[in-house]
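Spelled out, the chains give:
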Amino acid sequence: VGSYEAAVSAEARRRGLDGVVCGHIHHPALRPIEGVLYGNTGDWVDSCTALVEDHAGRLRLLSCAGAQAAEEASARGSCSSPTPGTADVDLFRV
């Protein structure tokens, strides 16, 4: 998962973008990676997480099972690596 996060963040940086939002790998995250905001929606099965934009335009990682569920899913590291070409990725400029 770490090499995937680094690769998509590097591509966003190469394109001059501010961030990238991904899905599919079921690993919730919202953090900067080398100057690029990396977000991953997680999933509704293991971590019960979603990325949302609030009324002020800020991205937030939410968990319907409580804030601790996302942290526990991340700490487990039980998410499988994505199959090449199957991840959902949105690059964005702020």
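Residues numbered from 1 in each chain as written. Predicted model: local features only at pLDDT ≥ 70, side-chain atom pairs only at ≥ 80, totals over all residues. Heavy atoms only, no water.

Brief notes about the overall build of the protein chain
Turning to step 1, where the next piece is worked out: Scanning the protein chain for helices and strands turns up 2 helices and 6 strands.
Turning to step 2, where the next piece is worked out: Along the protein chain, helices and strands appear, N-terminal first, in the series α-β-β-β-β-β-α-β.
Turning to step 3, where the next piece is worked out: Within the protein chain, the fraction of its 94 residues that count as buried is 36%.
Turning to step 4, where the next piece is worked out: Taken as a whole, the protein chain presents about 5,600 Å² of accessible surface, with 52% of it coming from carbon and sulfur. (Helix = DSSP H or I, 4+ residues; strand = E, 2+ residues; numbered from the N terminus. Buried < 20%, exposed > 50% of the residue type's maximum accessible area, 1.4 Å probe, protein only. Areas by Shrake-Rupley, 256 points an atom, 1.4 Å probe, with all protein chains shown as cover.)

Some remarks on the pattern of salt bridges
Turning to step 1, where the next piece is worked out: Enumeration over the complete set of coordinates arrives at 6 salt bridges.
Turning to step 2, where the next piece is worked out: The partner of Arg 60 in a salt bridge is Asp 54, with the nearest N and O atoms 3.0 Å apart. (Salt bridge = Lys/Arg side-chain N within 4 Å of Asp/Glu carboxyl O.)

Observations regarding the confidence of the model for the protein chain
Interpreting fine coordinate detail is not advised for predicted regions of low pLDDT.
Turning to step 1, where the next piece is worked out: Per-residue pLDDT for the protein chain has a mean of 76; in total, 68% of the residues score no lower than 70.
Turning to step 2, where the next piece is worked out: For the protein chain, strand 6 (residues 89-92) is the element with the lowest average pLDDT, namely 51, and strand 3 (residues 36-40) is the one with the highest, namely 95.
Turning to step 3, where the next piece is worked out: Every residue in residues 77-89 is under pLDDT 50, and counting partners more than four places away or in other chains gives 22 contacts. (pLDDT = per-residue confidence, 0-100. Contact = heavy atoms within 4.5 Å.)

Quick word on helix 1 (residues 2-14)
At 3.6 residues per turn, the α-helix brings residues three or four places apart onto the same side.
Turning to step 1, where the next piece is worked out: Between its first and last C-alpha, helix 1 extends 18 Å over 13 residues, near the 18 Å set by a 1.5 Å rise per residue.
Turning to step 2, where the next piece is worked out: Along helix 1, the positions that sit buried rather than exposed are Tyr 4, Glu 5, Val 8, Ser 9 and Ala 12. Each buried residue of helix 1 sits inside an arc of 125° when the element is viewed along its axis, so together they form one side. Opposite the buried face of helix 1, at more than 90 degrees from it, the exposed residues are Ser 3 and Arg 14.
Turning to step 3, where the next piece is worked out: Just downstream of helix 1 lies Gly 16, where phi reads positive at about 75°. (Expected span 1.5 Å × (residues − 1). Arc of directions from axis to C-beta.)

Regarding the nonpolar core
Turning to step 1, where the next piece is worked out: Membership of the largest hydrophobic core is limited to 11 residues, which are Tyr 4, Val 8, Ala 12, Leu 17, Val 20, Cys 22, Ile 25, Ala 29, Ile 33, Val 36 and Tyr 38.
Turning to step 2, where the next piece is worked out: Secondary structure elements with two or more residues in this core: helix 1, strand 1 (19-22), strand 2 (29-33) and strand 3.
Turning to step 3, where the next piece is worked out: A per-element tally of this core places helix 1 first, with 3 residues.
Turning to step 4, where the next piece is worked out: Discounting chain neighbours no more than four positions away, the residues touching Ile 33 are Glu 5, Ser 9, Arg 13 and Tyr 38. (Core = buried A, V, L, I, M, F, W, Y, C linked by side-chain atoms within 4.5 Å.)

Points about unusual backbone geometry
Turning to step 1, where the next piece is worked out: The phi dihedral of His 26 is positive, around 60°, even though this residue is not glycine.
Turning to step 2, where the next piece is worked out: The class of His 26 is partly exposed, set by a relative accessible area of 33%.
Turning to step 3, where the next piece is worked out: Positive phi outside glycine occurs at Glu 34, with the angle close to 50°.

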